[in-house]
Amino acid sequence: DGFVVFDRRGLLVYTNRAFNQMTGLALDSAAEDITIDDFDRRFTALCDGESSTRPLAEALTAETDGDSPETFKLARPEFRVLARVARGGHSAHGESILFFRDVTRETEVDRMKSEFLTTAAHELRTPMASVFGFSELLLKRDYDETTRRDLLSTIHRQAGTLIHLLNELLDLARIEARQGKDFRIAVQPLRPVIE
């Protein structure tokens with residue numbers, strides 16, 4: 001986790017190595033007086049423009065500071081998503097502290113899960129629409145034996161597709177729950193796989 005500390009006058013006194021590595025900012029509080037506003041400007045310049053625009057000074061003095069992290073998307077030095085919690089001057093010495101956590105991986109996993117759920121819902125809806133539609137037709141109308149058999153065949157085929165999709169989803173859930181412990185890793189000849 002990255003830490004940034006300001007004294008009671010609002011001047012930067014400390015940034016840890018993790019923060020410097022996350023942001024690429026090498027702020028030397030010994031060489032210059034860096035205020036909260038100076039820090040805020042430099043940090044915001046690294047962001048992609050979609051991030052929170054609430055001034056840091058306001059975040060530090062807010063009644064609810066520290067309750068929920070603000071999220072920032074850094075464009076420089078490399079893409080990262082950082083969560084920031086600001087704690088105003090409530091400590092014995094009146095310092096203000098910023099906690100930064102790199103949540104890039106968690107954000108990407110959430111995006112992938114949302115994308116997966118959207119795709120899975122679409123893939124499940126397609127055969128389900130056939131099953132529902134054709135079974136409704138069979139319930140509401142009388143058909144000759146050939147048409148009836150054709151409709152039932154479609155329902156059966158689409159139900160099989162649904163079962164296959166659900167089995168694949170269950171397999172994925174098991175793999176995730178077991179974290180790949182059921183895999184048996186072995187060297188395989190490539191030709192049979194390709195053929």
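Everything numeric here is computed off the predicted structure, so don't read it as measured data. (Residues numbered from 1 in each chain as written. Predicted model: local features only at pLDDT ≥ 70, side-chain atom pairs only at ≥ 80, totals over all residues. Heavy atoms only, no water.)

**Here's the deal with the side chain of Asp7**
No. 1: Examined against the element boundaries, Asp7 turns out to sit in the loop between β1 (2-6) and β2 (12-15).
No. 2: Residue classification places Asp7 among the buried residues on the basis of a relative accessible area of 14%.
No. 3: Residue contacts for Asp7: discarding those within four places in its chain leaves Val13, Gly94 and Glu95. (Helix = DSSP H or I, 4+ residues; strand = E, 2+ residues; numbered from the N terminus. Buried < 20%, exposed > 50% of the residue type's maximum accessible area, 1.4 Å probe, protein only. Contact = heavy atoms within 4.5 Å.)

**A look at unusual backbone geometry**
No. 1: Cis geometry marks the peptide bond from Arg76 to Pro77, where omega comes out at -5°.
No. 2: Along the polypeptide, Pro77 turns up in the loop between β3 (70-74) and β4 (80-87).

**Points about helix α2 (residues 36-45)**
No. 1: What α2 keeps buried is the set Ile36, Phe39, Asp40 and Phe43. Seen end-on, α2 carries its buried residues on one side only, within an arc spanning 100°.
No. 2: Packed against the buried residues of α2 are β1, α1 (17-23), α3 (56-61), β3, β4 and β5 (96-102). (Arc of directions from axis to C-beta.)

**As for the sheet that holds β1**
No. 1: Spatial strand order, β2-β1-β5-β4-β3: five strands in an open sheet with antiparallel pairing. The sheet is open, and its two borders are formed by β2 and β3, each paired with just one other strand. Sheet twist, expressed as the mean angle between neighbouring strand axes with direction ignored, is 20°.
No. 2: Here β4 pairs with β5 via six bridges, running antiparallel. If you follow Arg87 over to β5, its bridge partner there is Ile97. (Pairing = 2+ DSSP bridges. Axes fitted to C-alpha atoms, helices over the stretch in contact; angles between N-to-C directions.)

**Regarding the nonpolar core**
No. 1: Among the nonpolar cores identified, the biggest contains 22 residues, and Val4, Phe6, Phe39, Phe43, Leu98 and Phe100 are the most heavily contacted of them.
No. 2: Taken together, the elements giving at least two residues each to this core come down to β1, α1, α2, α3, β3, β4 and β5.
No. 3: When near neighbours in sequence (up to four residues on either side) are disregarded, Leu98 contacts Gly2, Phe3, Val4, Phe6, Phe39, Leu56, Leu60, Arg84, Val85 and Ala86. (Core = buried A, V, L, I, M, F, W, Y, C linked by side-chain atoms within 4.5 Å.)

**Looking at the packing of helix α4 (residues 104-140) against helix α5 (residues 145-178)**
No. 1: At a closest axis distance of 9 Å, the pairing of α4 and α5 adopts a crossing angle of 155°. It follows from the interaxial angle that α4 and α5 lie roughly antiparallel. As α4 packs across α5, the resulting crossing turns out to be left-handed.
No. 2: Looking at the contact of α4 with α5 residue by residue, the classes come out as 17 nonpolar, five polar and four charged. (Parallel < 35°, antiparallel > 145°, perpendicular 65-115°, else oblique. Left-handed = near helix turned anticlockwise from the far one by under 90°. Nonpolar A, V, L, I, M, F, W, Y, C, P; charged D, E, K, R; others polar.)

**Thoughts on α4**
No. 1: Its 37 residues place the ends of α4 53 Å apart at the C-alpha level, agreeing with the 54 Å of an ideal helix rising 1.5 Å per residue.
No. 2: All of the buried residues along α4 are Thr104, Ala120, Pro127, Ser130 and Val131.
No. 3: Next to the buried residues of α4 lie β4, β5 and α5. (Expected span 1.5 Å × (residues − 1).)

**Examining a nonpolar patch on the surface**
No. 1: On the surface, a nonpolar cluster with roughly 640 Å² of combined accessible area is contributed by Phe116, Leu117, Leu172, Ile175, Phe183 and Ile185.
No. 2: Residue position: Ile185 is located in the loop between α5 and α6 (190-194).
No. 3: Using a relative accessible area of 78% as the deciding quantity, one classes Ile185 as exposed. (Patch = residues over 30% accessible without salt bridge, like charges linked within 9 Å, V, L, I, M, F, W, Y side chains within 5 Å. Areas by Shrake-Rupley, 256 points an atom, 1.4 Å probe, with all protein chains shown as cover. Salt bridge = Lys/Arg side-chain N within 4 Å of Asp/Glu carboxyl O.)

**Section: the environment of Ser96**
No. 1: Note on placement: Ser96 falls in strand β5.
No. 2: On the basis of relative accessibility, which here comes to 9%, the residue Ser96 falls in the buried class.
No. 3: Put simply, Ser96 and Lys140 are 44 residues apart on the chain and 71 Å apart in space, counted from C-alpha to C-alpha.

**Describing the packing of aromatic side chains**
No. 1: Throughout the structure, instances matching the rule amount to seven aromatic pairs.
No. 2: Summarising the aromatic geometry, the rings of Phe3 and Phe99 are spaced 5.3 Å apart at their centres and angled 80° between planes, so their arrangement reads as edge-to-face. Taken as a pair, Phe3 in strand β1 and Phe99 in strand β5 lie far apart in primary sequence, 96 residues in all.
No. 3: Cluster of aromatic residues (ring-pair linked, three or more members): Phe6, Phe19, Phe39, Phe43, Phe72 and Phe100. (Phe/Tyr/Trp six-rings, centres within 6.5 Å; stacked < 30°, edge-to-face > 60°.)

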